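Next come the chains, spelled out residue by residue.
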Amino acid sequence: MQGIAAPQPYVIALFLVWAALMKLLSRRMRSQAGQTALARLVGSARAVPVLRLVALVELAVAAALLLPPASPLDGVAAAALSAGFLGYLTYSHLAAPASSCGCLGAHSVPVNWRAFTRAGLLLAMGVTAIWARPQPLTWPVAALAAVEAVALLGLSPELERHWLVPLRSLLVRLRDPLAVTSPQGVPLEVSLRLLYLSPAYCSASARLSSDVQDTWDEDGLRFVVYAARGGTAVFAVPLTGGDPSAVRVALVEEPALA
């Protein structure tokens, strides 16, 4: 039990500090507090002061969990705070299901199962923290703390803009969603977009007199045919890569009539 209880005060305190700072430092809190379920409970005029008061309580509980001496009352306070969260979430879901709870500052995420699961997990962690005693940090304790922190983060849709959105942006840059596994699968629109940006197209565009007349793929190139004044323009567009300067053009003149 001691091994499971040991990391609980630190994980709970970290989450409470984050929640408190989101309430105290959010620039949108004053304008959006009236849209939370708390505004319906205490009135729009009192929503911001009450949220900030809750933030101060969260900081006080976090300080009690982190600062010595360790006491079972620290875990009792954390469990009581989490039980209060559960009660408030229940009220929010019943009285204003479309409103946010304001638990992590100003946001527009309505109360859902993730919020209830997060509060339930915090309650269980708070009860477990009653038996926490200082002990040396070990790998199992650190691993348990990391798993719980990730679980709380994943159960907090309000925080996704801080970690999930940047992660998705990184994956987009790394994976290149416009890339295709087979050159033959490159859409014609992609080749034309590269063609229109190329110096070859700019040099020959004044002579073109039609839209695309024909295309075919050969040896890693897509050949695009246009009618041109006095002949035909054939562009060779690479099927891989995105360098417009790699596009080539050949102007084929029509033979003169005898």
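Before any of the text, the structure's been laid out above.
This part takes up the sheet that holds strand β3 (residues 231-238). Strand order in this open sheet of four strands is β1-β2-β3-β4, and the pairing throughout is antiparallel. Edge positions in the open sheet fall to β1 (208-218) and β4 (248-253), since each of these has one partner strand only. Across this sheet, the average inter-strand angle for adjacent strands is 20°, counted without regard to direction. Judged from the eight bridges that link them, strand β2 (residues 221-228) and β3 form a sheet pairing that is antiparallel. Paired with Leu221 across the strands is Pro238, a residue of β3. Where helix α10 (residues 188-196) meets the sheet, it contacts β1, β2 and β3, and its direction lies at approximately 65° from that of β2.

Scanning the entire structure with this criterion turns up two salt bridges. A salt bridge links Glu58 to Lys23; the shortest N-O distance between them is 3.0 Å. Of the two residues, Glu58 is situated in helix α5 (residues 44-66) and Lys23 in helix α2 (residues 8-25); the sequence distance between them amounts to 35 residues. Judged on exposure class, the residue Glu58 and its partner Lys23 are both buried. Between Arg222 and Asp217 there is a salt bridge; the shortest N-O distance is 2.8 Å.

Attention shifts here to the packing of α2 against helix α8 (residues 139-154). Running from amino to carboxyl end, α2 crosses α8 at an angle of 30°, the nearest separation of the two axes being 9 Å. By the criterion of interaxial angle, the relationship of α2 to α8 is roughly parallel. Note on packing geometry: the crossing formed by α2 with α8 is right-handed. Residues Gln8, Val11, Phe15 and Trp18 of α2 pack against Leu144, Ala145, Glu148, Ala149, Leu152 and Leu153 of α8. Its residues assigned to classes, the contact of α2 with α8 comprises eight nonpolar, one polar and one charged.

To continue, consider the pairing of β1. Bridge analysis of β1 against β2 gives seven bridges, and the strand direction is antiparallel. For Leu208, the partnering residue across the bridge sits in β2 and is Ala228.

The next point concerns the packing of aromatic side chains. Under the counting rule described, the total for this entry stands at five aromatic pairs. Geometrically, the ring pair formed by Tyr201 and Phe235 is tilted, given 5.8 Å between the ring centres and 40° between the ring planes. Of this pair, Tyr201 sits in helix α11 (residues 199-204) while Phe235 sits in strand β3, and the two are 34 residues apart along the sequence. Using a relative accessible area of 0% as the deciding quantity, one classes Phe235 as buried. Aromatic ring contacts, followed pair by pair, group Tyr196, Tyr201, Tyr226 and Phe235 into a single cluster.

What counts as what
Residues numbered from 1 in each chain as written. Predicted model: local features only at pLDDT ≥ 70, side-chain atom pairs only at ≥ 80, totals over all residues. Heavy atoms only, no water. Pairing = 2+ DSSP bridges. Helix = DSSP H or I, 4+ residues; strand = E, 2+ residues; numbered from the N terminus. Axes fitted to C-alpha atoms, helices over the stretch in contact; angles between N-to-C directions. Contact = heavy atoms within 4.5 Å. Salt bridge = Lys/Arg side-chain N within 4 Å of Asp/Glu carboxyl O. Buried < 20%, exposed > 50% of the residue type's maximum accessible area, 1.4 Å probe, protein only. Parallel < 35°, antiparallel > 145°, perpendicular 65-115°, else oblique. Left-handed = near helix turned anticlockwise from the far one by under 90°. Nonpolar A, V, L, I, M, F, W, Y, C, P; charged D, E, K, R; others polar. Phe/Tyr/Trp six-rings, centres within 6.5 Å; stacked < 30°, edge-to-face > 60°.

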